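Residues per chain, in single letters:
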Amino acid sequence: MKRIAIGGMAIESSTFSPHRSGAADFSVVRDAELLARYDSLPAHVGWIPLVYARALPGGAVERAFYDAIKAELLEHLRATLPLDGLYLDLHGAMTVVGMTDAEADLAEAVRDAVGPGCLISASMDPHGNMSHRLVTALDLATSHRMSPHEDAALTKQRAVANLVACLDRGIRPLRAWVRVPVLLPGERACTRDEPAKGIYRRLPAIEARDGVIDAAVWIGYAWADEPRCSAAVVVTGTDAAAITRQAQVLAQAYWDARAAFAFSTASGDADWCIATGLASAERPFFISDSGDNPTAGGAGDVAYMLERLLADPALASGRATAIWASVVDPTAVARCFAAGGGGDVELRVGGAFGSPGSARLRGRVERLRAADPVGGDIAVVASGGVRAVLTTRRKPYHYITDFTELGLDPAAHDLTVVKVGYLVPDLFDAAKGWVLALTPGGVDQHIVRLGYRALDRPIYPLDPDMPAPSLAPEVITR
Ligand SMILES: [Zn+2]
């Protein structure tokens, strides 16, 4: 029986966010709990759980926490050798304080431990970065083909199935890798829209070709200032000429389309979005408060959008209504709980992790929810027509039920403002109107104003007049 170990570490972390991700942010699973994350692991293989740590996107990972997970993974790995295969479950946009290319560091350490004969297959998020170091440490790599990532489970199954098939058939795969010097926020590469839709739609036909095992395209991660951040293509297979040709075709298509990647909906500054939503007759009307989106790595403590909502005379007076979800502010939440439901509060919210700015919020505590499993204690404060959701811990608002369990109905308000980028499926299905606000924060969509220093240049769109790059794939063998 073949023996395959499973482990990994997954987070998307912004170096432009003041938040730091550590033990309190990660959930760590081991043993049977780790294996239970994967349905349909082939039964003819012996599966060996190592350790897997996963967190909501956030700020850079504390070095000591990364080192501890890496040490535990390597210790389990060495105790279980020899292995036929290893499945690494990664994201690809993990920044660790004081390091660059953390996933390559992990993959290289794993490679050193297992030796060159063991096949390593990685599944990743397309908003991760596929660097030369990383692809060199791996034998197989793939990423999601849908953004939003409705195919996340399928990606993991594909990474496992390709690994098992290579082991069963004695195949040592080759990788054709190309870095495409284009850096996009994920919101410009939603696969509901062209050109991302058409590029990703080519992948199944490419992987069906003779000599090809898998084809994958990485958008890369725009909110980390590391040299590696960029788009990349990897085509894996057994026929060097075929994978090279297909990788080059995909890389060229991506480069040629670089100026066509656009937001899925109209975008503008906060005041334009508020005015547009209030003028629209469509309800529910969603506004993405995108710069501080916690599910892209924003800290979640930026109150800028609340300040703009309260500055609108119709909303401030209650003639119009808005839900704003949300801000992390444990101190403000504690004051709401002390005041009790129906109590009057006068708060300054925002900046709990150090993000600049705060907003004055004077109003009535409308709802208290104790010990939410994700957000901790949560308060809803009504001020004029604005209902602001305050949480103790970082929490995304991705489901209509996240609102209804607070007694808030997006359809019964003029605006529903959420810290999110492109609308996630449940909100997308509910939305009758939607605009994207280019608000400030650690995942600012206006990436040119972020001020990169370490990023490999030239790269589009930071260097719009750069010469056409070489998109010749490098074939990596072991
Ligand atoms: Zn992603």
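Rules behind the numbers
Residues numbered from 1 in each chain as written. Predicted model: local features only at pLDDT ≥ 70, side-chain atom pairs only at ≥ 80, totals over all residues. Helix = DSSP H or I, 4+ residues; strand = E, 2+ residues; numbered from the N terminus. Rg over C-alpha atoms; globule rule 2.2 N^0.38 Å. Buried ≥ 20, exposed ≤ 12 C-beta atoms within 10 Å, placed from the backbone. Contact = placed C-beta atoms within 7 Å. Pairing = 2+ DSSP bridges. Axes fitted to C-alpha atoms, helices over the stretch in contact; angles between N-to-C directions. Domains from an automatic or database assignment. Nonpolar A, V, L, I, M, F, W, Y, C, P; charged D, E, K, R; others polar. Parallel < 35°, antiparallel > 145°, perpendicular 65-115°, else oblique. Left-handed = near helix turned anticlockwise from the far one by under 90°. Core = buried A, V, L, I, M, F, W, Y, C linked by C-beta atoms within 7 Å. Expected span 1.5 Å × (residues − 1).

## Some details on the overall build of the chain
Consideration 1: Each helix and strand counted, the chain has 14 helices and 21 strands in total.
Consideration 2: What you see for the chain is a C-alpha radius of gyration of 23 Å, in line with the 23 Å of a compact globule of 478 residues.
Consideration 3: For the chain, the C-alpha atoms occupy an extent of roughly 70 × 50 × 40 Å along the three principal directions.
Consideration 4: When the 478 residues of the chain are sorted by exposure, 53% land in the buried category.
Consideration 5: Partitioning the intrachain contacts of the chain with sequence separation of at least 6 by distance along the chain shows that 76% fall at a separation of at least 24.

## A closer look at the sheet that holds strand β7 (residues 119-124)
Consideration 1: Reading across from one edge, β3-β4-β1-β6-β7-β8 is the order of the six strands in this open sheet, with mixed pairing throughout. The open sheet is flanked by β3 (26-30) and β8 (140-143), the only strands paired with a single partner. Taking the axes of each pair of neighbouring strands and ignoring which way they run, one obtains an average angle of 15° across the sheet.
Consideration 2: Across six bridges, the pairing between strand β1 (residues 2-10) and strand β6 (residues 85-90) is parallel. What sits directly across from A5, in β6, is L86.
Consideration 3: Together, β1 and β4 (45-55) form the strand contacts of helix α2 (residues 63-80), whose direction differs from that of β4 by roughly 175°.
Consideration 4: Of the strands in this sheet, β1, β6 and β7 touch helix α3 (residues 102-114), which is tilted by about 165° from β6.

## Notes on the pairing of strand β19 (residues 415-418)
Consideration 1: Residues L415 and V417 of β19 are buried on one face, and the alternating residues T416 and V418, pointing to the opposite face, are buried as well.
Consideration 2: Strand direction decides the pairing type here: strand β13 (residues 285-289) and β19, joined by three bridges, are parallel. When the bridges of β19 are listed, I287 appears paired with V417.
Consideration 3: Sheet topology note: the strand β14 (residues 322-328)/β19 ladder contains four bridges and is parallel. Residue pairing for β19: W324 is matched across the bridge by V417.

## Considering the pairing of β4
Consideration 1: As paired elements, β1 and β4 share eight bridges and run parallel to each other. If you follow M9 over to β4, its bridge partner there is A53.
Consideration 2: With five bridges joining them, β3 and β4 adopt antiparallel strand pairing. Following the sheet pairing, V28 is matched in β4 by A53.

## Points about the environment of Q157
Consideration 1: One can find Q157 in helix α5 (residues 152-169).
Consideration 2: C-alpha of Q157 to C-alpha of L41: the two residues are 116 residues apart in sequence and 7.8 Å apart in space.

## Quick word on the domain arrangement of the chain
Consideration 1: Domain boundaries assigned for the chain yield domain 1 (2-262 + 471-476) and domain 2 (267-444).
Consideration 2: The distance between the C-alpha centroids of domain 1 and domain 2 comes to 33 Å.
Consideration 3: Across the boundary between the two partners, domain 1 contributes 17 residues, which contact 18 residues of domain 2.
Consideration 4: Broken down by secondary-structure element, the contributors of at least two residues to the side of domain 1 that touches domain 2 are β2 (13-14) and β5 (58-59).
Consideration 5: Residues belonging to the side of domain 1 that touches domain 2 are distributed by class as follows: seven nonpolar, seven polar and three charged.

## Here we look at the packing of α2 against α3
Consideration 1: Where α2 meets α3, the axes come as close as 10 Å, and the angle between the chain directions of the two elements is 20°. Looking at the two axes, α2 sits roughly parallel to α3. Seen from above, α2 lies across α3 with right-handed handedness. In this structure, α2 contributes Y66, K70, L74, L77 and R78 to the contact, and α3 contributes A102, L106, A109, V110, A113 and V114.
Consideration 2: Residues belonging to the contact of α2 with α3 are distributed by class as follows: nine nonpolar, no polar and two charged.

## A short note on unusual backbone geometry
Consideration 1: Look at the link from S147 to P148: it is a cis peptide, with omega at 0°.
Consideration 2: Within the secondary structure, P148 sits in the loop between β8 and α5.
Consideration 3: Along the chain, Y460 connects to P461 via a cis peptide bond; the corresponding omega equals 5°.
Consideration 4: The phi torsion at D31 lies on the positive side, around 55°, for a residue other than glycine.
Consideration 5: Secondary-structure assignment places D31 in helix α1 (residues 31-35).
Consideration 6: A tally of 11 C-beta atoms within 10 Å means that D31 is categorised as exposed.

## Re the sheet that holds strand β18 (residues 386-391)
Consideration 1: Here we have nine strands laid out as an open sheet, ordered β12-β20-β13-β19-β14-β18-β17-β16-β15, and mixed in their pairing. Every interior strand has two partners, whereas the edge strands, β12 (267-268) and β15 (344-349), have only one.
Consideration 2: On top of the sheet, helix α9 (residues 270-279) reaches β12, β13, β19 and β20 (433-437); it is set at about 170° to β20, its chief contact.

## What to know about the nonpolar core
Consideration 1: Ranked by internal contacts, the top residues of the largest apolar core, which has 149 residues, are L86, V233, V234, L306, L309, W324 and L390.
Consideration 2: Each of domain 1 (2-262 + 471-476) and domain 2 (267-444) accounts for three or more of the residues forming this core.
Consideration 3: Among all residues touching L390, those that are not within four sequence positions of it are S326, V327, D329, A332, V333, C336, V349, I378, A379 and V381.

## Considerations on α5
Consideration 1: Compared with an ideal rise of 1.5 Å per residue, which puts 18 residues at 26 Å, α5 spans 26 Å between its outermost C-alpha atoms and is within 8% of the ideal.
Consideration 2: Those residues of α5 that fall on the buried side of the exposure criterion are T155, K156, R158, A159, V160, N162, L163, V164 and C166.
Consideration 3: G170 sits one or two positions beyond α5 and adopts a positive phi of about 65°.

## Some thoughts on the environment of V475
Consideration 1: Tracing the backbone through its elements, the reader meets V475 in strand β21 (residues 474-476).
Consideration 2: By C-beta crowding, V475 is classed as partly exposed, having 14 other C-beta atoms within 10 Å.
Consideration 3: Taking C-alpha positions, V475 is 10.0 Å from A247, a pair spaced 228 residues apart along the chain.

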